[in-house]
Amino acid sequence: MEVGFNRLMVAGFHKEKTSAARSFRQDVINGLKSVPKRLQSKYFYDDAGDRLFQDIMAMPEYYLTDAELEIFRDKTALLSQGICFEDTAFDLIELGAGDGVKSRHLLQHLSDTGADFRYMPVDISGNILDILRENIEEAVPGLEMMCLQGEYFEMLEQACAASGRQKVVMILGGNIGNMEKKDSYEFCLKIRQILSPGDRVIIGFDLKKDPFIILGAYNDPSGITAAFNLNLLTRINRELDAGIDVAGFQHYQTYDPLSGACRSFLVSTRAQDIEIDGETISFEKGESIYMEISQKFSRSDIAILALKSGFVPVSEVMDSEQYFVDVIWQVA
Ligand code: AVI
């Protein structure tokens, strides 16, 4: 690993830690004072949230992980063909890398076939990056790797500044679905603007399908998804010295097959006031906090998104059930 890469990682880590605490407070208070009330799902991922998300991925109802894992495990050569620049060296930057369980298969394949590449995983969670580093070092010994903790775009810009090579940006897991539709377009556009012509992206999209299957993945009877949502209230209590009665809220999930929007809410089970860092926020009985969108896409939604944001589709790989697709696009 290059020395400059290590320095960049340490600088990014400390800066992120202090500004992250300020942004968290601001976003929570602004979100709960807005109409309708909302919280941002990017804040789900503290230590307990990371663990609960691991539990979600292991649930039988949560098909997304297995579907994309099948693509990365069984169709690795197809993915690799779509991203290799003949003999040119490249950097593989993964936004929201998580524990690396899926990407490991691609990294192994690229390494086994002699591709000249480095791996730069980006994640908001330092805990998960520690797990990822261990997983990848074990699976692909000797791989040049630079872990970046922080917000996607800040880290992507840092990664690109440190790169000087052709780039492939991966966004897996259906993470793009955690943005409102207009934001996912702006997200793709921004990535295209940071990248250079010829660079590529691999993006995982959860496809529209039987609404019962989709709703079931977010409305599990074991209550893990509910605990995942409620954990953000616990985090607010701990980090912002708030006094929210977590038991006074209940998880509620919806899926609209027309728009493809799968949304989660926390509903106040009674009229109540909550105190957060000197601010009082009042809830009526039955009032909800909008927590997360998990947008589902048709194949034409995806094609339009590529076109509108300035990418040319190169290839796509689906799982055997056709639940999930990883697309490869090139900067036009
Ligand atoms: C991380 N993301 C893609 C998950 C999803 O499916 O939207 C987060 C999640 N929320 C509830 N279950 C899983």
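Rules behind the numbers
- Residues numbered from 1 in each chain as written.
- Predicted model: local features only at pLDDT ≥ 70, side-chain atom pairs only at ≥ 80, totals over all residues.
- Heavy atoms only, no water.
- Phe/Tyr/Trp six-rings, centres within 6.5 Å; stacked < 30°, edge-to-face > 60°.
- Buried < 20%, exposed > 50% of the residue type's maximum accessible area, 1.4 Å probe, protein only.
- Helix = DSSP H or I, 4+ residues; strand = E, 2+ residues; numbered from the N terminus.
- Lys NZ or Arg CZ within 6 Å of the ring centre and 35° of its normal.
- Axes fitted to C-alpha atoms, helices over the stretch in contact; angles between N-to-C directions.
- Parallel < 35°, antiparallel > 145°, perpendicular 65-115°, else oblique.
- Left-handed = near helix turned anticlockwise from the far one by under 90°.
- Contact = heavy atoms within 4.5 Å.
- Pairing = 2+ DSSP bridges.
- Near = heavy atom within 4 Å.
- Polar contact = N/O pair within 3.5 Å; in protein donor to acceptor, adjacent residues only side chain to side chain.
- Areas by Shrake-Rupley, 256 points an atom, 1.4 Å probe, with all protein chains shown as cover.
- 1 Å grid on protein atoms, 1.4 Å probe; cavity = no way out; pocket = protein on both sides within 12 Å on 5 of 7 lines; lining within 4 Å.
- Sits in = over half its atoms within 2 Å of the grid points.
- Nonpolar A, V, L, I, M, F, W, Y, C, P; charged D, E, K, R; others polar.
- Points joined across faces, edges and corners; volume = space filled by probe spheres on them.
- Disulfide = S-S within 2.5 Å.

Engineer: Hey, could you go over the packing of aromatic side chains for me, with residue numbers and the actual values?
Structural biologist: The full count for this structure, using the stated rule, is 18 aromatic pairs. Judged by centre distance (5.7 Å) and plane angle (90°), the ring pair of Tyr45 and Phe53 falls under edge-to-face. Using a relative accessible area of 23% as the deciding quantity, one classes Tyr45 as partly exposed. Measuring from ring centre to ring centre gives 4.8 Å for Phe205 and Phe297, while their planes differ by 75°; the resulting arrangement is edge-to-face. Taken together, the residues span a long stretch of sequence, with Phe205 in strand β5 (residues 200–206) and Phe297 in the loop between β10 (288–293) and α11 (299–308) at a distance of 92 residues. Residues Phe205 and Phe297 agree in their burial class; the two are buried. Members of the aromatic cluster, each reached through a chain of ring pairs, are Phe44, Tyr45, Phe53, Tyr62, Tyr218 and Phe228. The ring of Tyr290 carries Arg38 above its face, with NZ or CZ at 4.5 Å from the centroid.

Engineer: With reference to specific residues and values, describe the packing of helix α8 (residues 181–194) against α11.
Structural biologist: Taken N-terminus to C-terminus, the directions of α8 and α11 make an angle of 45°; their axes are 9 Å apart at the nearest point. One way to sum up the angle between α8 and α11 is to call them oblique. Every pair of crossing elements has a handedness; the one defined by α8 and α11 is right-handed. Contact residues: α8 offers Lys181, Ser184, Tyr185, Cys188 and Leu189, while α11 offers Asp301, Leu305 and Lys308.

Engineer: Provide a residue-level description of the sheet that holds strand β3 (residues 148–149), including the pertinent values.
Structural biologist: Strand order in the open sheet formed by 7 strands is β3-β2-β1-β4-β5-β12-β11, and the pairing between neighbours is mixed. Edge positions in the sheet fall to β3 and β11 (311–318), since each of these pairs with one other strand and no more.

Engineer: Requested: an account of the site of the ligand, with residues and values cited.
Structural biologist: Around the ligand sit 14 residues in total, of which Tyr62, Asn178, Tyr218, Glu292 and Ser294 are the nearest. Measuring from a nitrogen atom of the ligand, one finds a side-chain N or O atom of Asn178 at 2.8 Å. Protein chains shield 98% of the accessible area of the ligand, which is 340 Å² for the free molecule. Because more than half of its atoms lie within 2 Å of the grid, the ligand is assigned to the largest cavity. At the level of secondary structure, the elements contributing two or more residues to the shell around the ligand comprise α2 (47–57) and α10 (224–239). The residue makeup of the shell around the ligand, split by class, is 7 nonpolar, 6 polar and 1 charged.

Engineer: Explain the layout of surface pockets residue by residue, including any values.
Structural biologist: The calculated volume of the largest pocket comes to roughly 1,200 Å³. Put simply, the parts of the chain that give the lining of the largest pocket at least two residues each are α2, α3 (63–74), α7 (152–163), α8 and β10. For the lining of the largest pocket, the element with the most residues is α2, which contributes 4 residues. Its residues assigned to classes, the lining of the largest pocket comprises 18 nonpolar, 12 polar and 12 charged.

Engineer: Please set out the state of the cysteines residue by residue, giving values where relevant.
Structural biologist: Counted according to the given criterion, the structure contains 0 disulfides. As a non-bridged cysteine, Cys147 has Cys160 as the owner of its nearest cysteine sulfur, 17 Å distant. With no disulfide of its own, Cys262 lies closest to Cys188 among cysteine sulfurs, the gap being 20 Å. A relative accessible area of 0% means that Cys262 is categorised as buried.

By themselves these figures say nothing about function.
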